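Survey of secondary and tertiary structure
Here are the chains, one letter per residue:
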Amino acid sequence: MDPITAPWPTTEADALAEQERLRPLVSLTGPGPASGALVCGVDVAYDDDRDVVAAAAVLLSYPDLTPVAEATAVGRVPFPYIPGLLAFREVPAVLEALAQLPAAPALIVCDGYGQAHPRRLGLASHLGVLTGVPTMGVAKTPFLFTATEPAPARGAWTPLLDPASGDEVGRAVRTRAGVKPVFVSVGHRIGLPEAVEVLLALTPEFRLPETTRRADSLCRRALAAAVADPVE
DNA sequence: GCGACAG
DNA sequence: ATCTTGTCGC
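Residue numbers restart at each chain and count upward from 1, following the sequence in its written direction. Naming scheme: in the order in which they are written, chains are lettered from A and ligands are numbered from 1. Restriction of local features to residues with pLDDT of at least 70 applies here, the model being predicted, together with a cutoff of 80 or more for giving and counting side-chain atom pairs; totals for whole chains, interfaces and linings are based on all residues. Where side-chain values are given, they derive from all heavy atoms of the structure, hydrogens and water being excluded.

**Re the sheet that holds strand β2 (residues 52-61)**
In plain terms, the rule: A pair of strands counts as paired when DSSP detects no fewer than two bridges linking them. Helix numbers and strand numbers start at the N terminus; a helix is a DSSP run of H or I with at least 4 residues, a strand a run of E with at least 2. To obtain an axis, a line is fitted to C-alpha atoms, over the contacting stretch when the element is a helix, and the angle between two such axes runs from 0 to 180 degrees between their N-to-C directions.
Strand order in the open sheet formed by eight strands is β3-β2-β1-β4-β5-β8-β7-β6, with mixed pairing between adjacent strands. On the outer flanks of this sheet lie β3 (67-76) and β6 (157-161), each paired with one strand and no other. Mean inter-strand twist for the sheet, computed between neighbouring axes without regard to direction, equals 25 degrees. As paired strands, β6 and strand β7 (residues 168-173) are joined by five bridges and run antiparallel to one another. When the sheet's bridge partners are listed, T158 is paired in β7 with A172.

Structure (structure tokens):
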């Protein structure tokens, strides 16, 4: 998991071409983390006015979710927000944070999508191919896809469908009884049923995975600190 | 052409 | 993502 060295795409056309290049490298099957393995949550926060991005990577043991380590990275915003091209905005800082972790995770959980993406290469799949590490995406909204409402019980789910192709690109999963579902999709090297099982293990208490919650709060703190003391 | 659109 | 008060409830 090394930081970026090759030139990063600057234009929309280059980014689309890069997605085409990486798409065939994605693997949609795999077992999910073993008991005792490390799972990693990553997230990114921005201050677009100051052109600052802060990423966080948190390591938790699985399935007990004990915090093991964390890392952050701060940099310039490398790409504008364009729906479908989120990875080009988030991945460089995430790779820098991952590179600082003291151990390699067995799974990375991203905030966003993997296969639930117009070209089947969302953030989670993109990061998975670049790192070789299994990844999955957990998002709060269905983006371009549709799902019926899952039953109210925790653990209930419905397929997340691509209306154009009819493909199941992920699942809408109820992680807390009676609370809005989240939308899981495979990133790389894990199957969809396995990703759902991991999601439920990561949400013993709250709607969002513990990995995401911890990474989210850490990257916000890192951003606030970076903006408060610019590089001295 | 216009609007919608992960974070 | 981010701008933002109070409020209800565990």
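Here the narrative resumes, following the displayed structure.
**Brief notes about the pattern of salt bridges**
Filter applied, for reference: Basic side-chain nitrogens of Lys or Arg form a salt bridge, by our definition, when they fall within 4 Å of a carboxyl oxygen of Asp or Glu.
Scanning the entire structure with this criterion turns up 13 salt bridges. Between R21 and E18 there is a salt bridge, with its nearest N and O atoms 2.9 Å apart. In this pair, R21 and E18 both sit in helix α1 (residues 12-22), three residues apart, roughly one turn of the helix. Residue E20 is joined to R23 by a salt bridge in which the shortest nitrogen-to-oxygen separation is 2.5 Å. Because the salt bridges share partners, they merge into one network encompassing R120, D162 and D167.

**Remarks on the protein's contact with DNA strand B**
Going by this rule: Each residue is tested against the molecule or strand, and it is near if at least one of its non-hydrogen atoms lies within 4 Å. Whenever two N or O atoms come within 3.5 Å, that pair is a polar contact, provided that in protein one can donate a hydrogen and the other can accept it, and provided that, for residues adjacent in sequence, both atoms are side-chain atoms. Note on residue classes: Ala, Val, Leu, Ile, Met, Phe, Trp, Tyr, Cys and Pro are nonpolar, Asp, Glu, Lys and Arg are charged, and everything else, Gly too, is polar.
By nearness alone, 17 residues border DNA strand B, and Y81, G84, L86, L123 and T141 come closest of all. For DNA strand B, the backbone makes up 39% of the atoms found within 4 Å of the protein, where backbone means sugar plus phosphate. In this structure, a base nitrogen belonging to DNA strand B sits 3.2 Å away from a main-chain N or O atom of G84. Residues of the surface near DNA strand B, tallied by class, amount to eight nonpolar, five polar and four charged.

**Here's the deal with the UniProt feature "binding site: Mg(2+)" (unreviewed entry) in chain A**
Quick note on the threshold: UniProt positions are given in the numbering used here, feature names are shortened, and annotations may be inferred rather than shown by experiment. Burial classes: relative accessible area under 20% of the type maximum marks a residue as buried, over 50% as exposed, and values in between as partly exposed (1.4 Å probe, protein chains only). Note on definitions: a residue-residue contact is assigned when non-hydrogen atoms from the two residues lie within 4.5 Å.
Taken from the UniProt record, the annotation "binding site: Mg(2+)" (unreviewed entry) applies to D43 and D111. The named residues occupy 69 residues along the chain; their greatest pairwise C-alpha distance, 6.3 Å, places them in one compact cluster. Among the secondary structure elements, D43 is positioned in strand β1 (residues 38-47). Residue classification places D43 among the buried residues on the basis of a relative accessible area of 6%. The residues contacting D43, other than those within four sequence positions of it, are A54, A55, A56, D111, A215, D216 and C219. Structurally, D111 can be placed in strand β4 (residues 107-111).

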